[in-house]
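# Architecture and fold: a report
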Amino acid sequence: MELEECLKARRDTRHFLPDPVPQQVLNKALAAAHMAPSVGLSEPWRFVSVESAENRTFIKKLFNEARQKAQKQVADEQDEARSDLHQSLKLEAILDAPVGLAVFCELPSENYTIGVIGTPQTLMWSVACAIQNLWLSLTDQGYGAGWVSILDFEQLKKELDVPEAWLPLGYLCIGKPATDYDKKPMLQNQGWKQRTPEPIVLKR
Ligand SMILES: Cc1cc2nc3c(=O)[nH]c(=O)nc-3n(C[C@H](O)[C@H](O)[C@H](O)COP(=O)(O)O)c2cc1C
């Protein structure tokens, strides 16, 4: 795919076909992630391939709990139609996506990383760059991903038994998309929110 075409085609996917994802597709996507820029060449991205049904069921439970809290927050806004719409949105595919990949940022143990001084979030931003690379590579290969952040990340970390220095960024549901949501973000397609036509750019 041309870059522009790939950027336009990438979607956050929550509806997948049951087809398995070949290992070489995943390897290529992970290699793309590893090409991302990172602060001070820290390469802080870490991945956990979540394969056990037990872990996935637990993560789905974490999602359901967080989702319930979110639903309550929307209900408190006293707009019944909006609350109903929120309730109807599918915001994960934890049990139906063939691949689950939890993504973490490892905080460096050494004292100094170029670029991090005063802004440790730069390490997390580096991992977000890696996730975008992975996402685009999957799109390019005819696959898709959905980023799930509606989770208690501390519990996710405990469940997956990762080192203390790993901070969770999300759980990716990966597979063959069952839909392209009419080539729009699903939230736009479902009438939740519209994409703004242009980026906001100030001049000073
Ligand atoms: C950091 C981050 C966290 C997200 N968390 C969720 C999530 O928990 N559930 C969900 O359905 N979508 C989640 N999304 C997807 C966004 O809703 C989606 O990217 C946005 O609506 C635009 O749609 P598009 O990615 O198809 O262009 C997340 C995206 C990002 C970047």
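Before reading on, note that the structure itself is shown above.
Now for a look at the structure at hand. Small disclaimer: the values here were computed from a predicted structure and weren't measured. (Residues numbered from 1 in each chain as written. Predicted model: local features only at pLDDT ≥ 70, side-chain atom pairs only at ≥ 80, totals over all residues. Heavy atoms only, no water.)

### Focus on unusual backbone geometry
Residues apart from glycine generally show negative phi values, whereas peptide bonds are mostly found in trans. Even without glycine at this site, Leu41 takes up a positive phi of about 55°. The residue Leu41 is located in the loop between helix H2 (23–33) and strand S1 (45–49) in this model. (Helix = DSSP H or I, 4+ residues; strand = E, 2+ residues; numbered from the N terminus.)

### A word on the pattern of salt bridges
All chains considered together, the criterion is met by 10 salt bridges. Salt-bridge contacts for Glu4 lead to Lys8; the nearest nitrogen and oxygen are separated by 3.9 Å. Residue Glu4 and its partner Lys8 are located together in helix H1 (residues 3–9), separated by four residues, close to a single helical turn. Across the pair, Lys8 and Glu4 agree in class, each one exposed. Between Asp76 and Lys72 there is a salt bridge; the shortest N-O distance is 3.7 Å. Residue class for Lys72 comes out exposed when judged on its relative accessible area of 53%. (Salt bridge = Lys/Arg side-chain N within 4 Å of Asp/Glu carboxyl O. Buried < 20%, exposed > 50% of the residue type's maximum accessible area, 1.4 Å probe, protein only.)

### A short note on the site of the ligand
The ligand sits among Arg10, Arg11, Asp12, Arg14, Leu91, Trp147, Val148, Ser149, Ile150, Pro185, Leu187 and Arg195. Arg10 is positioned such that a nitrogen or oxygen atom in its side chain is 2.8 Å from an oxygen atom of the ligand. At 3.1 Å from a nitrogen atom of the ligand is found a main-chain nitrogen or oxygen belonging to Trp147. Residue composition of the shell around the ligand, by class: six nonpolar, one polar and five charged. (Near = heavy atom within 4 Å. Polar contact = N/O pair within 3.5 Å; in protein donor to acceptor, adjacent residues only side chain to side chain. Nonpolar A, V, L, I, M, F, W, Y, C, P; charged D, E, K, R; others polar.)

### Comments concerning the packing of aromatic side chains
On inspection of all chains with the given rule, the structure shows two aromatic pairs. Each ring, one from Phe104 and one from Trp166, has its centre 5.6 Å from the other, and the planes form 50°; the classification is tilted. Of the two residues, Phe104 is situated in strand S2 (residues 99–106) and Trp166 in strand S4 (residues 166–175); the sequence distance between them amounts to 62 residues. On the basis of relative accessible area, Phe104 is assigned to the buried category, the value being 0%. Among the residues examined, Trp166 registers a relative accessible area of 14% and is labelled buried. A cation over a ring is seen here: Arg10 above Trp135, with NZ or CZ 4.4 Å from the ring centre. Sitting over the ring of Tyr143, Lys176 keeps its end group 4.3 Å from the ring centre. (Phe/Tyr/Trp six-rings, centres within 6.5 Å; stacked < 30°, edge-to-face > 60°. Lys NZ or Arg CZ within 6 Å of the ring centre and 35° of its normal.)

### Some thoughts on helix H3 (residues 53–75)
Helix length check: H3, at 23 residues, gives a terminal C-alpha distance of 32 Å against a target of 33 Å (1.5 Å per residue), a fit within 8%. The set of residues buried in H3 consists of Asn55, Arg56, Ile59, Lys60, Leu62, Phe63, Ala66, Arg67, Gln71 and Val74. Residues of H3 that are buried sit in contact with helix H4 (80–88), S2, strand S3 (144–148), helix H6 (153–160) and S4. (Expected span 1.5 Å × (residues − 1). Contact = heavy atoms within 4.5 Å.)

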